[in-house]
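Descriptive analysis of the structure
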Amino acid sequence: RRVGVLVSGSGSNLQALLDAAAAPEAPFEIVLVLANRPDAYGLERARLAGIEARLIDHRSFAGRETFEAALDAALREAGVEIVCLAGFMRVLTAGFVEGWTGRMLNIHPSLLPSFRGLHTHARALAGSCAVAGCTVHLVTPDLDAGPVVVQGLVPVLPGDTPESLAARTIEVEHRAYPRALAMLAEDRVRLEEGRATLADERP
Ligand code: GRF
C-alpha cells in the first residue's frame, strides 16, 4: 500500500516507518512526506531515505480549508492510499478526515482514552499512573478519539519526569506504529460502524 506521512517536527516516528518499509516483506511503502513547518526535521529524514518530501506551510494559506485542500491534492496526486499522522500538530477538519475514513492513522503518546490532547506525560504523572503508554488509532473527526488499533505499555518509574517518561514512551511508539500500519495495509484491521474490527473477528 502507498503511504503518505504528515509531520510537524523531529519525525522519529516517520523514521520508524521508513525503516520498517525498507524490510523486503513490508506491506507498505512510504511514497510522500508532507510537513507544515519548514524546520521539520522529518523533511530531511525523508530526503535522506530518497522519498519525496514537500513543505506545505499552513501559514501561507488563508484558512484551514485551503491548507487542507493542498495537503489532500498532494496526497492524491502521489497515489497515496493510507495517511499516517506522525507528530502532525495541526487539527484537521471533519471534511479532510472524512475523505480518508478508515485509511488514516495517528500516534498519540498516552493510553487513550486517557489524556487526549497535549502534555500527556505530565498529566499521567500528575495522575499518579503506574502505567503509561502510546496508542495508534484510526482517525475520526473527534481529536484523539478514533478506534484503537495498537497500544504499547510503558511503566512509570520512581523519579520519572515528563521528559524521562517521554523518552521511554517514544521507544515503544517506534515499535507500535509500524505494527499498526502493517495491520491496516494488510486489511487485518478495518473501521466498521465507528469501531476498529480485526480480521479474525469478522463473520
Ligand atoms: C510523538 O510523541 C507522537 O506520539 C506525538 O508527537 C510526537 C512526535 O514525535 N503525536 P516524532 O516527531 O515522531 O519524533
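How each quantity is defined
- All chains use their own residue numbering, which begins from 1 and follows the written sequence.
- Predicted model: local features are reported for residues with pLDDT of at least 70 only, side-chain atom pairs are reported and counted for 80 or more only, and whole-chain, interface and lining totals are derived from all residues.
- Under the scheme used here, helices are H or I runs from DSSP no shorter than 4 residues and strands are E runs no shorter than 2 residues, and both carry numbers assigned from the N terminus.
- We take the radius of gyration over the C-alpha atoms and set the globule estimate at 2.2 Å times the residue count to the 0.38 power.
- Between the buried cut of 20 or more and the exposed cut of 12 or fewer other C-beta atoms within 10 Å of a residue's own C-beta lies the partly exposed class, and all C-beta atoms are placed from the backbone.
- Think of it this way: build a C-beta for each residue from its backbone, and any pair within 7 Å is a contact.
- Where each domain starts and ends comes from a domain assignment, either automatic or drawn from a database.
- The residue classification treats Ala, Val, Leu, Ile, Met, Phe, Trp, Tyr, Cys and Pro as nonpolar and Asp, Glu, Lys and Arg as charged. All others, Gly included, are polar.
- UniProt positions are given in the numbering used here, feature names are shortened, and annotations may be inferred rather than shown by experiment.
- For each residue, a C-beta atom is positioned from the backbone; the residue is called near a molecule or strand if that atom sits within 6 Å of it.
- At least two DSSP bridges between two strands are required for those strands to pair.
- Axis definition: a line fitted to C-alpha atoms, limited for helices to the stretch in contact. Angles are taken between N-to-C directions and run from 0 to 180 degrees.

Structural notes on the overall build of the chain
- A tally of regular secondary structure across the chain gives six helices and nine strands.
- A compact globule built from 203 residues would reach a C-alpha radius of gyration of about 17 Å, and the chain, at 16 Å, matches this within 12%.
- Along the longest, intermediate and shortest principal axes, the C-alpha atoms of the chain span 50 × 45 × 35 Å.
- Relative to its full complement of 203 residues, the chain shows a buried share of 39%.
- In the chain, of all internal contacts separated by at least 6 residues, the share reaching a separation of at least 24 is 67%.

Side note on the domain arrangement of the chain
- Segmentation of the chain into domains returns domain 1 (1–100) and domain 2 (107–203).
- Across the contact, 17 residues belong to domain 1 and 15 residues belong to domain 2.
- Counting only elements with at least two residues in the side of domain 1 that touches domain 2, the list comes to helix H1 (12–21), strand E4 (82–85) and helix H4 (94–98).
- Counting residues per element, the side of domain 1 that touches domain 2 draws most heavily on H1, at five residues.
- Class assignment for the residues of the side of domain 1 that touches domain 2 results in 13 nonpolar, two polar and two charged.

Some thoughts on the UniProt feature "binding site: (6R)-10-formyltetrahydrofolate" (unreviewed entry) in the chain
- Residues annotated in UniProt with the feature "binding site: (6R)-10-formyltetrahydrofolate" (unreviewed entry) correspond here to Arg64 and Asn106.
- Position of arginine 64 relative to the elements: it lies in helix H3 (residues 64–77).
- Residue arginine 64 is classed as partly exposed on the basis of its 15 C-beta neighbours within 10 Å.
- Structurally, the position occupied by asparagine 106 is in strand E5 (residues 104–108).
- Judged by the 25 C-beta atoms lying within 10 Å of it, asparagine 106 falls in the buried class.
- Those residues in contact with asparagine 106 that sit more than four places away from it in its chain are Leu85, His137 and Val139.

A few points about the site of the ligand
- Near the ligand there are 14 residues, and of these Ser10, Ser12, Asn13, Gly87 and Pro109 occur at the shortest range.
- Breaking the shell around the ligand down by element, the ones donating at least two residues are H1, E5 and helix H6 (162–185).
- Here the residues of the shell around the ligand sort into six nonpolar, seven polar and one charged.
- Split by domain, the residues of the shell around the ligand number at least three in each of domain 1 (1–100) and domain 2 (107–203).

Some remarks on the sheet that holds strand E2 (residues 29–35)
- Across the sheet, seven strands lie side by side as E3-E2-E1-E4-E5-E6-E7; this open sheet has mixed pairing. This sheet does not close on itself; its edge strands, each paired only once, are strand E3 (52–55) and strand E7 (148–155). Ignoring which end each strand starts from, the neighbouring axes of this sheet average 20° apart.
- Bridge count between E4 and E5: three bridges; the pairing is parallel. Across the sheet, leucine 85 pairs through a bridge with asparagine 106, a residue of E5.
- Across the sheet, helix H2 (residues 41–48) touches strand E1 (2–7), E2 and E3, and the angle it forms with E2 is around 150°.
- Against the sheet, H3 engages E1, E2, E3 and E4, with an angle of about 160° to E2.

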